Amino acid sequence: MRSIILSTVARAMLPILIMFSLFLLWRGHNEPGGGFTGGLVAAAGVILFSLAYSPRAARRVVRVDLKTLTGFGLLMAAGSGTVAVFAGKPFLTGVWWKLAGPQGSTIELGTPFFFDLGVYLVVIGVTLSILFSKAEEEERP
Amino acid sequence: MTSELVRNASLAALGVLALAVLVAMVRLVKGPSLPDRVVAVDLVGMLAAGMIGVLSIYAGNGVYVDVAIVIALISFLATVAIARYIERREVR
């Protein structure tokens, strides 16, 4: 049942997939990508790990409880929308800050990024809780 | 952006890949056993990744390459999941 090839590959692929998902999340700002696809790719890495080892081991890899992860992401996405309300604009309007970067450059940080980060966490949490509950149901005889 | 020769060559490559998808589809429909169909689906996924790679050369746009990477990574996962399902079914 347990394949040594699969478990070795899963161990190597998990960091690669998570790095790629962060890349997608980061780039989703101006080009194709974003929180949703990034979250799905990260969840795929963890699911590969759960197929190779066990759902319990994969839950340990995530470290955070999935409900906490989903709730925190939802709070972050909603919170990034309410920032605009305090700035006197309609809900979910993008608010941008200009931060001083290295060598006199400016980094533009906006609420859309935090919204995307919230979506990323929600997608990881929801996808993993659906698939883990299916896998754990399967394990019980 | 890209030269005429590269565009024509990538169009020809797209045609060949489309033909390969068709042949894989025949195996998917005819396939006598479930593993045959699974391998055919995996092949179609990989061919889709290849087609998107060729398309990115044709369009001269590097964004498509990331799509190909995602398909190549995820379709492998689907095959593993189905293989597990088949293995489990045979035990019972």
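Notes on the structure follow. (Residues numbered from 1 in each chain as written. Chains lettered and ligands numbered in written order. Predicted model: local features only at pLDDT ≥ 70, side-chain atom pairs only at ≥ 80, totals over all residues. Heavy atoms only, no water.)

### A word on the overall build of chain B
Check the secondary structure of chain B and you find three helices and zero strands. N-terminal to C-terminal, the α/β element order of chain B is α-α-α. Taking 2.2 N^0.38 as the reference for a compact globule, 92 residues should give roughly 12 Å; the C-alpha atoms of chain B span a radius of gyration of 16 Å, well beyond that estimate. Along the three orthogonal principal directions, the C-alpha set of chain B runs to about 60 × 25 × 10 Å. Every one of the 92 residues in chain B was classed for burial, and the buried ones make up 26%. At a minimum sequence separation of 6, the contacts of chain B that also span at least 24 residues come to 58%. Split by element, the accessible area of chain B, about 5,700 Å² in all, is 73% carbon and sulfur. Taking the 8 positively charged and 6 negatively charged side chains of chain B as two groups, their mean positions are separated by 10 Å. (Helix = DSSP H or I, 4+ residues; strand = E, 2+ residues; numbered from the N terminus. Rg over C-alpha atoms; globule rule 2.2 N^0.38 Å. Buried < 20%, exposed > 50% of the residue type's maximum accessible area, 1.4 Å probe, protein only. Contact = heavy atoms within 4.5 Å. Areas by Shrake-Rupley, 256 points an atom, 1.4 Å probe, with all protein chains shown as cover. Lys, Arg positive; Asp, Glu negative; His and termini not counted. Charge placed at Lys NZ, Arg CZ, Asp CG, Glu CD.)

### Regarding the side chain of Asp66(B)
Within the element layout of this structure, Asp66(B) appears in helix α3 (residues 63-91). With relative accessibility at 12%, the residue Asp66(B) sits in the buried group. Aside from chain neighbours lying at most four places away, what touches Asp66(B) is Phe20(A), Phe23(A) and Arg27(A).

### A few points about the interface of chain B and chain A
On the side of chain A, 16 residues touch chain B, which itself brings 13 residues to the contact. Interface area for chain B against chain A, summed over the two sides, is near 1,500 Å², with a carbon-plus-sulfur share of 75%. Between Arg27(A) and Asp66(B) there is a salt bridge, with its nearest N and O atoms 2.4 Å apart. The tally of links between chain B and chain A comes to two residue pairs in polar contact (both at pLDDT 80 or more). Here the side of chain B that touches chain A is composed, by residue class, of nine nonpolar, no polar and four charged. (Buried area = accessible area lost by both parts, 1.4 Å probe. Salt bridge = Lys/Arg side-chain N within 4 Å of Asp/Glu carboxyl O. Polar contact = N/O pair within 3.5 Å; in protein donor to acceptor, adjacent residues only side chain to side chain. Nonpolar A, V, L, I, M, F, W, Y, C, P; charged D, E, K, R; others polar.)

### Observations concerning the pairing of strand β1 (residues 96-100) of chain A
Residue and element names in this part refer to chain A. Pairing analysis gives five bridges linking β1 to strand β2 (residues 106-110), with the strands arranged antiparallel. Residue pairing in the sheet places Trp 97 in a bridge with Leu 109 of β2. The hairpin formed by β1 and β2 contains five residues between the paired strands, and Gln 103 there has a positive phi angle of roughly 55 degrees. (Pairing = 2+ DSSP bridges.)

### Topic: a nonpolar patch on the surface
Nonpolar side chains collect at one region of the surface, where Val85(A), Phe91(A), Leu92(A) and Phe115(A) lie side by side and expose about 370 Å² of accessible area between them. Its location among the elements puts Phe91(A) in the loop between α4 (66-86) and β1. (Patch = residues over 30% accessible without salt bridge, like charges linked within 9 Å, V, L, I, M, F, W, Y side chains within 5 Å.)

### Structural notes on the packing of aromatic side chains
All names here are of chain A. By the definition in use, this model includes four aromatic pairs over all chains. Ring centres of Trp 26 and Phe 113 lie 5.0 Å apart, and the angle between their planes is 70 degrees; this geometry places the pair in the edge-to-face category. Residue Trp 26 is found in helix α1 (residues 4-27), and its partner Phe 113 is found in helix α5 (residues 111-139); the two are separated by 87 residues along the sequence. Given a relative accessible area of 61%, Trp 26 falls into the exposed group. (Phe/Tyr/Trp six-rings, centres within 6.5 Å; stacked < 30°, edge-to-face > 60°.)

### So, the nonpolar core
All names here are of chain A. Among the nonpolar cores identified, the biggest contains 17 residues, and Val 46, Leu 66, Tyr 120, Ile 124, Leu 128 and Phe 132 are the most heavily contacted of them. Secondary structure elements with two or more residues in this core: α1, α2 (35-52), α3 (55-62), α4 and α5. Residue contacts for Val 46: discarding those within four places in its chain leaves Leu 14, Ala 58, Val 62, Leu 128 and Phe 132. In this structure, Leu 6, Ala 10, Ala 44 and Leu 51 belong to the second largest nonpolar core, which totals 14 residues. (Core = buried A, V, L, I, M, F, W, Y, C linked by side-chain atoms within 4.5 Å.)

### Regarding α2(A)
One full turn of an α-helix is made of 3.6 residues, so residues set three or four places apart face in the same direction. Between its first and last C-alpha, α2(A) extends 26 Å over 18 residues, near the 26 Å set by a 1.5 Å rise per residue. Counting buried positions along α2(A) yields 15 of 18 residues, so the element is predominantly enclosed. (Expected span 1.5 Å × (residues − 1).)

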